[in-house]
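# Observations on the model geometry
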Amino acid sequence: MKCDRIAILEDDMLIREHLSDIVSTAPGCELVGTAPTIARARDLLVRKQPDLFLVDIGLPDGSGIDFIGHVKKHGATKVLMITGFDDRETVVRAIEAGADGYLLKNSSAATILDGIAATLAGGAPISPLAATFLLERLKDAGPASG
């Protein structure tokens, strides 16, 4: 049986513990570590090589959006943003940086579990608000040529 390895980058201890609890209930998943800073997450990425990183944006030593680029250069690890940032600019920046999905921290545990499963299966879970921003951006860009 395949066991997907998951790591968490979140500076808030209570949220990090909440996400850890959710991951530990995900069928076929193993929590390989958590990190409160980008510096520690980089080390975790190299040492544990997770299949999926759950990433916050506002961190004490930088932006989780910048960490996405580091993850994508390192290998095949997927990134699911789980953040409180729900503004258009942040959502678009995260997706453009290579995030594989974007959920809000106030999502239910079931939504986060579904997001983890979807991301690991190659899907792109997006919160309804983030999807609205992305659709508006595409509409603003005009019709596709072809």
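Notes on the structure in this doc start here.

Rules used throughout
Each chain carries its own residue numbering, running from 1 in the direction its sequence is written. Confidence filtering applies because this is a predicted model: local features only for residues at pLDDT of at least 70, side-chain atom pairs given and counted only at 80 or more, and all residues used for totals across whole chains, interfaces and linings. Hydrogens and water molecules were not included; the side-chain quantities draw on all heavy atoms of the structure. Helix numbers and strand numbers start at the N terminus; a helix is a DSSP run of H or I with at least 4 residues, a strand a run of E with at least 2. Think of it in three bands: with a 1.4 Å probe and only protein chains considered, a residue is buried below 20% of the maximum accessible area for its type, exposed above 50%, and partly exposed in between. What the arc describes is the spread of directions from the helix axis to the C-beta atoms. Residue contacts are defined here by distance: any two heavy atoms, one from each residue, within 4.5 Å place the two residues in contact. A fitted line through C-alpha atoms represents every axis, and for helices the fit uses only the stretch in contact; the resulting angles, taken between N-to-C directions, go from 0 to 180 degrees. Roughly parallel here means an angle under 35 degrees, roughly antiparallel means over 145, roughly perpendicular means 65 to 115, and every remaining angle is called oblique. For a crossing to be left-handed, the near helix must be turned anticlockwise from the far one by less than a right angle; the clockwise case is right-handed. To qualify as a nonpolar core, a set must consist of buried Ala, Val, Leu, Ile, Met, Phe, Trp, Tyr and Cys residues joined through side-chain atoms within 4.5 Å. Strands qualify as paired when DSSP identifies two bridges or more between them.

A positive phi angle, near 45 degrees, is found at Gln-49, a position not held by glycine. On the secondary structure map, Gln-49 appears in the loop between α2 (38-48) and β3 (52-55). Look at Gln-49 and you get exposed, because its relative accessible area is 53%.

Glancing now at α2. Taken together, the buried positions of α2 are occupied by Ile-38, Ala-41, Leu-44 and Leu-45. All buried residues of α2 lie within an arc of 110 degrees about the axis, which places them on one face of the element. More than 90 degrees from the buried face of α2, the exposed residues found are Ala-39, Arg-40 and Arg-47. Buried residues belonging to α2 abut β1 (4-9), β2 (29-35), β3, β4 (58-59), β5 (62-63) and α3 (64-74).

The interhelical angle for the contact between α2 and α3, taken along N-to-C directions, is 20 degrees, at an axis separation of 11 Å. In terms of axis orientation, α2 runs roughly parallel to α3. For the crossing formed where α2 meets α3, the hand is right-handed. In this structure, α2 contributes Ile-38, Ala-41, Arg-42, Leu-45 and Val-46 to the contact, and α3 contributes Gly-64, Phe-67, His-70, Val-71 and His-74.

One finds Leu-9, Phe-53, Val-55, Phe-67, Met-81, Ala-94 and Tyr-102 to be the most contacted residues of the largest nonpolar core, which totals 25 residues. Grouped together as the second largest cluster of nonpolar side chains are 14 residues, Ile-22, Val-23, Ile-112 and Ile-116 included.

The sheet built from 5 strands is open, its strands ordered β2-β1-β3-β6-β7 with parallel pairing. Where the open sheet ends on each side, the last strands, each with one partner, are β2 and β7 (101-104). Each neighbouring strand pair of the sheet contributes to a mean axis angle of 20 degrees, computed without reference to strand direction. Pairing of strand β6 (residues 78-83) with β7 involves 4 bridges; the strand directions are parallel. Directly across from Met-81, in β7, lies its bridge partner Tyr-102. Together, β1, β2, β3 and β6 form the strand contacts of helix α1 (residues 13-25), whose direction differs from that of β2 by roughly 165 degrees. Against the sheet, α3 touches β1, β3 and β6, its axis set at about 170 degrees to β6.

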